[in-house]
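Examining the three-dimensional arrangement
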Amino acid sequence: MPSTADNLTDALLGPILAADPAGPRITYYDDASGERIELSASTLANWAAKTANMVRDEFALEPGAKVIVLLPAHWQSVAVLLGVWWAGCEVVLSPESDAELAFVTADRLDDVADVPEVAALSLDAFGKGLSDLPIGVADYATSIRVHGDQFRGAGAGAALEGRSVAETVRAATESAAARNLTSPDRVMSGASWDSAEEMIDGLLSVLAAGASLVQVTHPDADATARRVGTEKVTKQF
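Along each chain, the written sequence defines residue order, and numbers are assigned to residues from 1. Thresholds applied to this predicted model are a pLDDT of at least 70 for local features of residues and 80 or more for the giving and counting of side-chain atom pairs; totals over whole chains, interfaces and linings are not thresholded and use all residues. With hydrogens and water set aside, each side-chain value is computed from the structure's full complement of heavy atoms.

1. Remarks on the sheet that holds strand S1 (residues 24-30)
For clarity, the threshold we go by: Pairing between strands is defined by DSSP: at least two bridges between the two strands are required. Starting at the N terminus, helices and strands are each numbered in turn, a helix being any DSSP run of H or I of at least four residues and a strand any DSSP run of E of at least two. Whether two residues are in contact is decided by their heavy atoms, any of which lying within 4.5 Å being enough. In this description, a line fitted to the C-alpha atoms serves as the axis of each element, helices being fitted only across the stretch in contact, and the angle between N-to-C directions of two axes falls anywhere from 0 to 180 degrees.
Overall, mixed pairing links the 5 strands, which are arranged S2-S1-S11-S10-S12 in an open sheet. Two strands bound the open sheet, and with one partner strand each, they are strand S2 (35-40) and strand S12 (235-236). Bridge analysis of strand S10 (residues 186-189) against strand S11 (residues 212-217) gives 4 bridges, and the strand direction is parallel. When the sheet's bridge partners are listed, Arg 186 is paired in S11 with Ser 212. Contacts from helix H2 (residues 41-58) reach S1 and S2 within the one sheet, and its direction differs from that of S2 by about 95 degrees.

2. Points about the packing of aromatic side chains
Both the distance between ring centres and the angle between the ring planes are used here to describe each pair of aromatic rings. Defined as follows: Ring pairs are drawn from Phe, Tyr and Trp, using the six-membered ring of Trp, whenever the two centres fall within 6.5 Å, and their geometry is named by plane angle: stacked under 30 degrees, edge-to-face over 60, tilted for the rest. Think of it in three bands: with a 1.4 Å probe and only protein chains considered, a residue is buried below 20% of the maximum accessible area for its type, exposed above 50%, and partly exposed in between. Should the NZ of a Lys or the CZ of an Arg lie within 6 Å of a ring centre and within 35 degrees of the ring normal, that charge is described as sitting over the ring.
All told, the structure shown has 3 aromatic pairs when counted by the stated rule. An angle of 85 degrees between the planes, with centres 5.0 Å apart, marks the rings of Trp 47 and Trp 75 as edge-to-face. On the criterion of sequence distance, the pair formed by Trp 47 in helix H2 and Trp 75 in helix H3 (residues 75-86) is long-range, its members being 28 residues apart. The exposure class assigned to Trp 47 is partly exposed, which follows from its relative accessible area of 26%. Residue classification places Trp 75 among the buried residues on the basis of a relative accessible area of 4%. With 6.1 Å between their ring centres and 80 degrees between their planes, Phe 103 and Tyr 140 make a pair best called edge-to-face. Taken together, the residues Phe 103 in strand S5 (residues 101-105) and Tyr 140 in helix H4 (residues 140-143) connect sequence positions 37 residues apart. Given a relative accessible area of 0%, Phe 103 falls into the buried group. The ring centre of Phe 237 lies 3.9 Å from the NZ or CZ of Arg 179, which sits over that ring. A cation sits over an aromatic face here: Arg 227 above Tyr 29, 3.7 Å from the ring centre.

3. Let's talk about the layout of surface pockets
Which entries qualify depends on this criterion: Two kinds of site are reported from a 1 Å grid over the protein atoms alone, namely cavities, where a 1.4 Å probe fits but cannot get out, and pockets, open sets with protein on both sides within 12 Å along at least five of seven lines, and residues are called lining when an atom falls within 4 Å of a point. Grid points are joined across faces, edges and corners, and a volume is the space filled by probe spheres set on the points.
Reported here for the second largest pocket is a volume of approximately 160 Å³. Lining the second largest pocket we find 15 residues, and of these Tyr 28, Pro 72, Ala 73, His 74 and Thr 217 sit closest to its centre. For the lining of the second largest pocket, the secondary structure elements donating two or more residues are S1 and S11. Of the residues forming the lining of the second largest pocket, the biggest block, 3 residues, is contributed by S11.

4. Some remarks on the nonpolar core
For clarity, the threshold we go by: Residues enter a nonpolar core if they are buried and are Ala, Val, Leu, Ile, Met, Phe, Trp, Tyr or Cys, with the set joined through side-chain atoms within 4.5 Å.
Grouped together as the largest cluster of nonpolar side chains are 65 residues, with contacts concentrated most on Trp 85, Phe 103, Leu 160, Leu 203 and Leu 204. Once residues within four sequence positions are removed from consideration, Leu 203 is found in contact with Ile 26, Val 78, Leu 81, Trp 193, Glu 198 and Leu 213. Counting residues in hydrophobic clusters, the runner-up holds 12 residues, among them Ala 102, Val 104, Leu 109 and Val 115.

On their own, these measurements won't tell you what the molecule is for.
In structure tokens form, the structure reads like this:
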């Protein structure tokens, strides 16, 4: 079960790192491009630490700051979310906010034109960055490389859309229990994470249960059917 840590990443990822740091945690497919990438909890923690260091050192955010995240359901989005939470910041999922920083895809830069700091993600499978970004917009793929892969979590206020860490953990745990998720489960999902409720059900509940997620974008029906066996999927959402 999740711990009662003072930030959401330690609360959800901490128990998984203690129990099974090397097993698959997030497996991401894009059936349109053929992309597949699998991350263990340990690798995910390294990415999250780099992001947390970026939030703290490059953008100078303090715990309690609001960070807009306008990203699709993608493995890099998980790294961003966990990094933001590790830095003690609150994630908001729409541009209507007094946020100090935003993580967005290039097609959503106009949505965060008034945010003081912005980092744009290409979501490229090979880590290729974005070119021709507006002045003042950081390229995540380039910037993240210089930051350390260790981080000690910071305390936080709200975690997700005004919910506290404890409230978010409770919602994720209740969502997991409602669907009988347990740590051996491999959950395949094509759900979006566009709202707090969708993120809790589609991502955080899986982490709260200590299960692993197979997230599929642009699902192909035949590939999905085969994947149930090859990925040892036990539940589908």
